[in-house]
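An overview of the molecular structure
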Amino acid sequence: MSKKSLETITSQAGNHLDDNKAVALPLYFSSNYRHDSLEEAKQFNYHEGYTYSRVATPNRRALEKTMAELENGTEGFALSSGMAAIQLALSVLKTGDQLISLDDLYGGDFRYFRYLESHYNIQFDQWNGEKIADLIAKITPKTKIVWLETPSNPTMKELDIKEIATKVHEKNPQILVIVDNTFYSPIYQQPLTLGADVVVHSATKYLSGHNDLLGGILVCKDQALAEQYFDYYITTGDTLDSFDSWLLLRSLKTLSIRMKQHTKNAKKIVKYLQGEKSVSKVLYPGKGGMVSFYLKDKQDVEKILNNVKVITFAESLGGIESLITIPYYQTHADVEEEQRKRLGITPTLLRLSVGLEDANDLIEDIKQALK
Ligand SMILES: *Cc1c(COP(=O)(O)O)cnc(C)c1O
């Protein structure tokens, strides 16, 4: 059979796996699994069977297989948060290695990169996302990872993953190009297909889509790299439990339809915001549900955050309900002031995660808040 489409993979996520032939994969609550004999225990294959839930559970494995298929990789890993997935991705670094990242990333990444710099002497350099030649010029024999996020958060700039991965690998095929694909999800972007080596997600966001769990996903292509990650993963144990794996797999079934509706709604809101006299600039990459916008007046920022009734003033994104945040004081509060200024993360920039409510209700909500 030819490669299945994303809609078919998501709709049937986890199906046809249960020994009792259940259509929807049942939830397995057990921390351990029995061996049939000493011989079976001696020959046990950790990639197939089950022994202990830190290593694998049927629900987590079904999720990991589905994510590997959606992201066009060989192995998937489900972890207890997006940051845990990011930590796993970076676990290949050794003291003295260099890490180059985009300068416009999820705020928590910088905290962790700085930690690696101060505790493990990782050389950390940043690239402004403009000329690929500038990125290539930063590469040294010590460069191990190039870290990207696109569209960027919160300024929604898109990168050409294919072009970047090609140029980086031309310089040194050993360098891992790692992409955080949280904002677009595999429905809109498959970094591994575009030449990246590893893709990570905060599954807390679009993959889950319901603001009811915390999770992370890592998918990679290379089998030897997958083995290295597997050893670290089962040893450190930041694994996603069966219940959250079950919930996440259930959420994936509607991922494609949700993403399309997020885009439809976001486009309507962008159109309104572009014509709204209090708004000076709208940042939207053309797809997905994330929209950032600048207000002309600080007082209007306060009005919106204090008065929205349909939209919720809360951190996070990617759920069925619309959320609004102020990155300057929330998600990006730890980014140095100088850097925030350069990136345009100001106290008048708001970031809206457009949910699946009626777009007109969302527009009316912003209008009434601004009154
Ligand atoms: C939220 C987020 C993370 C961190 O994920 P958690 O699940 O909160 O640990 C990483 N990257 C991006 C782009 C995010 O939005």
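The model shown is predicted, which means the values in this text are computed figures rather than measured ones.

**Remarks on the packing of helix H12 (residues 298–307) against helix H14 (residues 359–370)**
One can describe the packing of H12 onto H14 by two numbers: an axis separation of 8 Å at closest approach and a directional angle of 120°. What the angle tells us is that H12 and H14 run oblique. Every pair of crossing elements has a handedness; the one defined by H12 and H14 is right-handed. Of the residues in H14, those touching H12 at Asp 300, Lys 303, Ile 304 and Asn 307 are Ile 366, Gln 368, Ala 369 and Leu 370. Per-class residue counts for the contact of H12 with H14 are four nonpolar, two polar and two charged.

**Some remarks on the UniProt feature "modified residue: N6-(pyridoxal phosphate)lysine" (unreviewed entry) in the chain**
Per the UniProt entry, the sites bearing "modified residue: N6-(pyridoxal phosphate)lysine" (unreviewed entry) are Lys 205 in this numbering. Along the polypeptide, Lys 205 turns up in the loop between strand E6 (198–202) and strand E7 (216–220). Among the residues examined, Lys 205 registers a relative accessible area of 11% and is labelled buried.

**Some details on the packing of aromatic side chains**
Here the structure, examined in full by the defined rule, presents 14 aromatic pairs. Each ring, one from Phe 110 and one from Phe 124, has its centre 6.4 Å from the other, and the planes form 50°; the classification is tilted. Of this pair, Phe 110 sits in helix H5 (residues 107–120) while Phe 124 sits in strand E3 (residues 123–127), and the two are 14 residues apart along the sequence. Like Phe 124, Phe 110 is buried. Ring centres 5.2 Å apart and planes at 65° place the aromatic pair Phe 113 and Phe 124 in the edge-to-face group. Of this pair, Phe 113 sits in helix H5 while Phe 124 is found in strand E3, placing the two residues eleven residues apart along the sequence. Phe 124 sits in the buried class, given a relative accessible area of 9%. By way of ring pairs, the aromatic residues Phe 110, Phe 113, Phe 124 and Trp 147 are connected into one cluster. Its guanidinium or amino end placed over the ring of Tyr 328, Arg 340 lies 4.1 Å from that ring's centre, counting from NZ or CZ.

**Some points on the environment of Ser 278**
On the secondary structure map, Ser 278 appears in the loop between helix H11 (255–275) and strand E8 (279–283). For the pair formed by Ser 278 and Arg 342, sequence separation is 64 residues and the distance between their alpha carbons is 23 Å. Each residue touching Ser 278, except ones within four places of it in the same chain, is listed here: Tyr 294, Leu 295, Lys 296, Asp 300 and Leu 370. A polar atom in the side chain of Ser 278 sits 3.1 Å from the side chain of Glu 276.

**Re the site of the ligand**
Every one of the 14 residues lining the ligand counts as a neighbour, but Gly 82, Asp 180, Ser 202, Thr 204 and Lys 205 are closest to it. Taking Thr 204, its side chain carries an N or O atom lying 2.7 Å from an oxygen atom of the ligand. In the complex, 93% of the free accessible area of the ligand, which totals 380 Å², lies under the protein chains. With three residues, helix H4 (residues 82–90) is the largest single contributor of residues to the shell around the ligand.

**Some points on H5**
Every α-helix winds through 3.6 residues per turn, so residues three or four apart in the chain are directed the same way. Taking 1.5 Å per residue as the helical rise, H5 with its 14 residues ought to reach 20 Å, and the 20 Å between its terminal C-alpha atoms agrees with that figure. Along H5, the residues that are buried comprise Gly 107, Gly 108, Asp 109, Phe 110, Tyr 112, Phe 113 and Leu 116. Check the buried side of H5 and you find it contacts H4, strand E2 (98–102), E3, strand E4 (143–149) and helix H13 (337–343). At the exit of H5 stands Asn 121, carrying a positive phi of roughly 55°.

Conventions adopted
Per-chain numbering applies: the sequence of each chain, read as written, is numbered from 1 onward. For a predicted model such as this one, the threshold for reporting local features is a pLDDT of at least 70, and the threshold for listing and counting side-chain atom pairs is 80 or more; totals across whole chains, interfaces and linings nevertheless cover every residue. To obtain the side-chain values, all non-hydrogen atoms of the structure were used and water was disregarded. Axis definition: a line fitted to C-alpha atoms, limited for helices to the stretch in contact. Angles are taken between N-to-C directions and run from 0 to 180 degrees. Helix numbering and strand numbering both begin at the N terminus, where a helix is a DSSP run of H or I of at least 4 residues and a strand a DSSP run of E of at least 2. Angular relationships are summarised with four words: roughly parallel below 35 degrees, roughly antiparallel beyond 145, roughly perpendicular across 65 to 115, and oblique for the angles in between. For any pair of crossing helices, the crossing counts as left-handed if the nearer helix is rotated counterclockwise from the farther one by less than a right angle, and right-handed if it is rotated clockwise. Note on contacts: a residue pair qualifies if any of its non-hydrogen atoms lie within 4.5 Å across the two residues. For this classification, the nonpolar set comprises Ala, Val, Leu, Ile, Met, Phe, Trp, Tyr, Cys and Pro, the charged set comprises Asp, Glu, Lys and Arg, and every other residue, Gly included, is treated as polar. UniProt positions are given in the numbering used here, feature names are shortened, and annotations may be inferred rather than shown by experiment. Residue exposure (1.4 Å probe, protein chains only): buried if accessible area is under 20% of the type maximum, exposed if over 50%, otherwise partly exposed. Pairing of aromatic rings covers Phe, Tyr and Trp, the last through its six-membered ring, and needs centres within 6.5 Å; plane angles under 30 degrees mean stacked, over 60 mean edge-to-face, and all others mean tilted. Our definition puts a charge over a ring when NZ of Lys or CZ of Arg is within 6 Å of the ring centre and also within 35 degrees of the ring normal. Any pair of N or O atoms that falls within 3.5 Å is considered a polar contact. Within protein, one atom must be able to donate a hydrogen and the other to accept it, and sequence-neighbouring residues count only if both atoms are side-chain atoms. Any residue with a heavy atom positioned within 4 Å of a molecule or strand is treated as near that molecule or strand. For the accessible areas, the method is Shrake-Rupley and the probe is 1.4 Å, while residue cover comes only from the protein chains on display. How far a helix is expected to stretch is found by multiplying one less than its residue total by 1.5 Å.

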